[in-house]
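One letter stands for each residue in the lines below.
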Amino acid sequence: LPDSRSTPTLNTAVYYDTADYRVLTTGALIRTSCNVITHAFCACKLARNDHSVRKDHRFIFDGDEKRIIQASPTSPEAVAIVRRLLARRDIEHPGNYLEAHYGIRPEELYPSIVLERYICSFFVWLDKKDALRCPMDRCYVRNLRVPKDQRRREAFKEVEFNIYPHVPPEIAGDPRVADLIQALTNSACEELGGQVTRDIKYQRGARALGFYNA
């Protein structure tokens with residue numbers, strides 16, 4: 001995309017968890033995600049199933065709530081908005097989804113880490129049709145549960161090889177897609193000296209900050 005290297009997209013995520021990090025250990029997550037221009041939402045994403053699919057449920061903020069979260073997602077005002085949402089019992093929201101699958105009550109959740117994600121993406125075609133969307137991320141994380149003067153900033157990088165959303169069925173079912181992902185994976189590991197991981201960003205961030213060792 002134009003200017004993607006010089007002005008990468010910045011999305012900021014605030015991950016919520018219980019006091020003893022029970023969400024972290026499940027491989028699931030619950031977080032807000034925002035971009036100062038485009039969006040603010042709260043999402044619960046489940047751990048991978050047997051087919052490596054991670055289902056998610058989102059609540060999209062609008063109006064003043066959206067603007068507050070976009071302006072400062074870790075502020076007391078933004079956190080209060082999210083916790084009010086998670087405490088509600090009259091609507092369906094990501095906290096209900098988390099409780100139904102893992103038995104974790106949404107009222108127990110509060111901010112754990114903040115992750116700033118700078119995204120440069122490239123796209124891959126098969127037969128001149130969208131097949132893969134591949135974000136290259138530089139991620140910076142801080143622990144929100146320590147005093148501000150102790151919140152060191154840690155970093156990690158990753159490249160994701162994802163099937164493009166809403167691809168035509170003939171592309172999604174094409175066996176060359178799996179071959180393409182494997183070829184790109186092998187090339188990235190060789191050229192960049194990386195390794196394959198299925199850990200989610202929340203787990204990687206917590207590990208970088210030193211409080212997750214699994």
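Residues numbered from 1 in each chain as written. Predicted model: local features only at pLDDT ≥ 70, side-chain atom pairs only at ≥ 80, totals over all residues. Heavy atoms only, no water.

Participant: Is there a simple way to think about helix H7 (residues 201-209) in this case?
Facilitator: The set of residues buried in H7 consists of Lys201, Tyr202, Gln203, Gly205, Ala206 and Leu209. Contacts made by the buried residues of H7 are with strand S1 (9-17), helix H1 (22-26), strand S5 (110-126), strand S6 (129-143) and strand S7 (154-159). Two residues or fewer past H7, Gly210 is found with a positive phi of approximately 90 degrees. (Buried < 20%, exposed > 50% of the residue type's maximum accessible area, 1.4 Å probe, protein only. Helix = DSSP H or I, 4+ residues; strand = E, 2+ residues; numbered from the N terminus. Contact = heavy atoms within 4.5 Å.)

Participant: Sorry if this is basic, but what is going on with the nonpolar core here?
Facilitator: When a protein is soluble and globular, its nonpolar side chains tend to lie buried together. Ranked by size, the top nonpolar core spans 23 residues in total, and within it Tyr16, Ile30, Phe61, Ile69, Leu98 and Leu109 carry the most contacts. Elements with a minimum of two residues in this core: S1, strand S2 (29-35), strand S3 (39-45), helix H3 (76-87) and helix H4 (94-102). Those residues in contact with Tyr16 that lie beyond four places of it in its chain are Val23, Ile30, Thr32, Ala78, Val79, Val82, Arg83, Leu109, Tyr110, Pro111 and Ser112. Ala13, Val141, Ile200 and Leu209 belong to the second-largest nonpolar core, a separate cluster that totals 15 residues. (Core = buried A, V, L, I, M, F, W, Y, C linked by side-chain atoms within 4.5 Å.)

Participant: Just to check I follow, could you spell out the pairing of S3 for this structure?
Facilitator: Side-chain positions along a regular strand alternate between the two faces of the sheet. With seven of seven residues buried, S3 is to be regarded as a mostly interior element. Taking the residues between adjacent antiparallel strands as the criterion, S2 and S3 are bridged by three residues. Alignment of S3 against strand S4 (residues 56-60), held across five bridges, turns out to be antiparallel. In the strand pairing of S4, Cys44 is matched with His57. (Pairing = 2+ DSSP bridges.)

Participant: Help me understand the packing of aromatic side chains, please; the structure alone is not making it clear to me.
Facilitator: Both the distance between ring centres and the angle between the ring planes are used here to describe each pair of aromatic rings. Within the structure shown, the criterion is met by five aromatic pairs. Ring geometry for Tyr118 versus Tyr140: centroids 6.0 Å apart, planes at 80 degrees, classification edge-to-face. With Tyr118 in strand S5 and Tyr140 in strand S6, the pair connects residues that are 22 residues apart, well separated along the chain. The class of Tyr140 is partly exposed, set by a relative accessible area of 22%. Its guanidinium or amino end placed over the ring of Tyr164, Arg133 lies 5.8 Å from that ring's centre, counting from NZ or CZ. When the ring centre of Tyr110 is taken as reference, the NZ or CZ atom of Arg145 above it lies at 3.9 Å. (Phe/Tyr/Trp six-rings, centres within 6.5 Å; stacked < 30°, edge-to-face > 60°. Lys NZ or Arg CZ within 6 Å of the ring centre and 35° of its normal.)

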